[in-house]
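Structural overview for review
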Amino acid sequence: MGTAQLLLLSNIFLVFLSIVVCGVSGAGNNVPRKNFYKSTRCPNAEQFVRDITWSKAKNDSTLGAKLLRLHYHDCFVRGCDASILLDKVGTDQFEKEARPNLSLGGFDVIDDIKRQVEEKCPGIVSCADILALATRDAVSFRFKKSLWDVATGRKDGNVSLASEVNGNLPSPFSDFATLQQLFAKKGLNVNDLVALSGAHTIGVAHCGAFSRRLFNFTGKGDVDPSLSSTYAESLKQLCPNPANPATTVEMDPQSSTSFDSNYFNILTQNKGLFQSDAALLTDKKSAKVVKQLQKTNAFFSEFAKSMQKMGAIEVLTGNAGEIRKNCRVRN
């Protein structure tokens, strides 16, 4: 082979290598990462979101629970793309109109954060990132430090369908096999399932989500035998049959505004409110994790890891999706 041919091959290889390296580098830039906004025209985006969220959490002890649930319901359907925030347009039902989502709260908070961030940095920060950040910040408020890192750089989705909710979102009536299957579909394992269930340490539930366990568990007017009998009696007093749709009950008795590991303590006392809570004790591996997470430090550590994994479900980046100007409406 002559010198000219070797030179030509060498140049072709260098061009090919340049394309590969640039391609990999470009793809890497589109992956959500820590401090994504530091290199944008909105370097203080995370600080803005935290300050606004903390000012709201100061006056609303339920905000952490509301946003955790909103973020969770978003990520399990089409990934963490803020599709849960979209309002209905036309005749198709959107995600927020699906029955499991009718009791969600916190939309107004996300709207207000988005409005204030847009005033400072128009068109830079996605609604999906605002929801992920505000959730972390609302839960972290009383600790005055971030309980987990949030990778940023997500784009907002353009599709929201109520019909996709039931097949993707675990319900309070799910057994362990169903829970494990739905979590596995999202790349989450049993450790994640148990750790994320620990979010039930804050917040309240409507009676309808568990009344069957109290009054008609197998269709014979019976109580779920996996539920503490004394706890069942106290719940019956709070939620007589038929259930009042307006009545709510603490998911973690006497601790529903305190983010801690107490959920796992009550679980081992057979006081998990939902059938899906009790289901965690029906599998050897998950029951073992429940016991491990009774320790506060272990729970905080595992919850942080699982929230990061959940926040990465099917995210949109690069040219996929958009940065909405208004979280309720597609651009």
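This is a predicted model, so every value here is computed, not measured.

**Comments concerning the packing of aromatic side chains**
Aromatic rings considered in pairs are described by the distance between their centres and by the relative angle of their planes. Per the counting criterion, the structure on display carries 13 aromatic pairs. Between the aromatic rings of Phe36 and Tyr37, the centroid separation amounts to 5.0 Å while the plane-to-plane angle is 90 degrees, which identifies the pairing as edge-to-face. Of the two residues, Phe36 and Tyr37, both sit in the buried class. Taking the centre distance of 4.9 Å and the plane angle of 55 degrees together, the rings of Tyr72 and Phe76 count as tilted. Through successive ring pairs, a cluster of aromatic residues spans Phe143, Trp148, Phe259, Tyr263, Phe264, Phe299, Phe300 and Phe303. In this structure, Arg50 is placed above the aromatic ring of Trp54, and the distance from its NZ or CZ to the ring centre is 4.4 Å. Positioned above the aromatic ring of Phe141, the side-chain terminus of Lys144 is 3.7 Å from the ring centre.

**With respect to helix H13 (residues 296-310)**
A rise of 1.5 Å per residue sets the reference length of H13, with its 15 residues, at 21 Å; its end C-alpha atoms lie 21 Å apart and thus fit the reference within 8%. Listing the buried residues of H13 in full gives Phe299, Phe300, Phe303, Ala304, Ser306, Met307 and Met310. Packed against the buried residues of H13 are helix H3 (63-75), helix H5 (127-140), helix H7 (190-197) and helix H10 (262-268).

**Comments concerning the UniProt feature "binding site: heme b" (unreviewed entry) in the chain**
Taking the UniProt record as the reference, the feature "binding site: heme b" (unreviewed entry) is found at His200. When you line up the elements, His200 lands in the loop between H7 and strand E1 (204-206). Among residues more than four places away in sequence, those in contact with His200 are Met251, Asp252, Tyr263, Phe274 and Asp277.

**Comments concerning the packing of helix H4 (residues 107-120) against H5**
Helix packing for two helices is described by the angle between their axes and how far apart those axes are. Taken N-terminus to C-terminus, the directions of H4 and H5 make an angle of 115 degrees; their axes are 10 Å apart at the nearest point. Considering how the two elements wind past one another, H4 and H5 form a crossing that is right-handed. The segment H4 lies against H5, with Ile110, Ile113 and Lys114 engaging Cys127, Ile130, Leu131 and Ala134. When grouped by side-chain class, the residues that make up the contact of H4 with H5 number six nonpolar, no polar and one charged.

**So, the environment of Asp137**
Position of Asp137 among the secondary structure elements: in helix H5. Those residues within four positions of Asp137 in sequence are excluded, and the remaining contacts are Val49, Arg50, Thr53, Trp54 and Ser146. Of the polar contacts made by the side chain of Asp137, one reaches the side chain of Arg136; its length is 2.7 Å.

**With respect to helix H12 (residues 284-292)**
For H12, the complete set of buried residues consists of Ser286, Val289 and Val290. Buried residues of H12, seen end-on, are gathered within an arc of 105 degrees and therefore sit on one face of the element. Looking at H12, the residues exposed on the side facing more than 90 degrees away from the buried face are Lys284, Lys285, Lys288 and Lys291. Against the buried residues of H12 lie helix H6 (176-185), H7 and H10. Between the side-chain oxygen at the start of H12 and the backbone nitrogen of Lys285 there is a gap of 3.0 Å, and the oxygen is on Asp283.

**Remarks on the state of the cysteines**
This model, assessed by the stated rule, comprises four disulfides. Residue pairing for Cys42: its cysteine sulfur links by disulfide to Cys121, the two sulfurs lying 2.1 Å apart. On the sign convention where negative is left-handed, the bridge of Cys42 and Cys121, at about 70 degrees about the S-S bond, is right-handed. Of the two residues, Cys42 is situated in the loop between helix H1 (3-30) and helix H2 (45-57) and Cys121 in the loop between H4 and H5; the sequence distance between them amounts to 79 residues. With respect to class, Cys42 is no different from Cys121; both count as buried. Each disulfide pairs two cysteine sulfurs, and for Cys207 the partner residue is Cys239, the sulfurs being separated by 2.0 Å. Here the S-S torsion is close to -65 degrees, and the disulfide linking Cys207 with Cys239 is therefore left-handed. One end of the pair, Cys207, is in the loop between E1 and helix H8 (211-215); the other, Cys239, is in the loop between helix H9 (229-238) and strand E2 (248-250), with 32 residues separating them in the sequence. Each member of the pair, Cys207 together with Cys239, is buried. Bonded cysteines in the chain are paired 1-4, 2-3, 5-8, 6-7 when counted in the order they occur along the chain.

**Notes on the UniProt feature "active site" (unreviewed entry) in the chain**
Sites flagged by UniProt as "active site" (unreviewed entry) map to His73. Its place among the elements puts His73 in helix H3. Overall, His73 belongs to the buried group, its relative accessible area being 6%. Beyond its immediate chain neighbours, meaning those up to four positions away, His73 contacts Glu95, Pro100, Asn101, Leu104 and Leu169.

**Things to note about the pattern of salt bridges**
Under the defined criterion, the tally for this structure stands at 19 salt bridges. Note that Lys56 is salt-bridged to Asp112, the shortest N-O span being 2.7 Å. Taken together, the residues Lys56 in helix H2 and Asp112 in helix H4 connect sequence positions 56 residues apart. A relative accessible area of 17% places Asp112 in the buried class. Each of the salt bridges in this network shares a partner with another, and the network as a whole consists of Lys56, Asp112, Arg115 and Glu119.

Thresholds applied
- Residues numbered from 1 in each chain as written.
- Predicted model: local features only at pLDDT ≥ 70, side-chain atom pairs only at ≥ 80, totals over all residues.
- Heavy atoms only, no water.
- Phe/Tyr/Trp six-rings, centres within 6.5 Å; stacked < 30°, edge-to-face > 60°.
- Buried < 20%, exposed > 50% of the residue type's maximum accessible area, 1.4 Å probe, protein only.
- Lys NZ or Arg CZ within 6 Å of the ring centre and 35° of its normal.
- Helix = DSSP H or I, 4+ residues; strand = E, 2+ residues; numbered from the N terminus.
- Expected span 1.5 Å × (residues − 1).
- Contact = heavy atoms within 4.5 Å.
- UniProt positions renumbered as here; feature names shortened; annotations may be inferred.
- Axes fitted to C-alpha atoms, helices over the stretch in contact; angles between N-to-C directions.
- Left-handed = near helix turned anticlockwise from the far one by under 90°.
- Nonpolar A, V, L, I, M, F, W, Y, C, P; charged D, E, K, R; others polar.
- Polar contact = N/O pair within 3.5 Å; in protein donor to acceptor, adjacent residues only side chain to side chain.
- Arc of directions from axis to C-beta.
- Disulfide = S-S within 2.5 Å.
- Salt bridge = Lys/Arg side-chain N within 4 Å of Asp/Glu carboxyl O.

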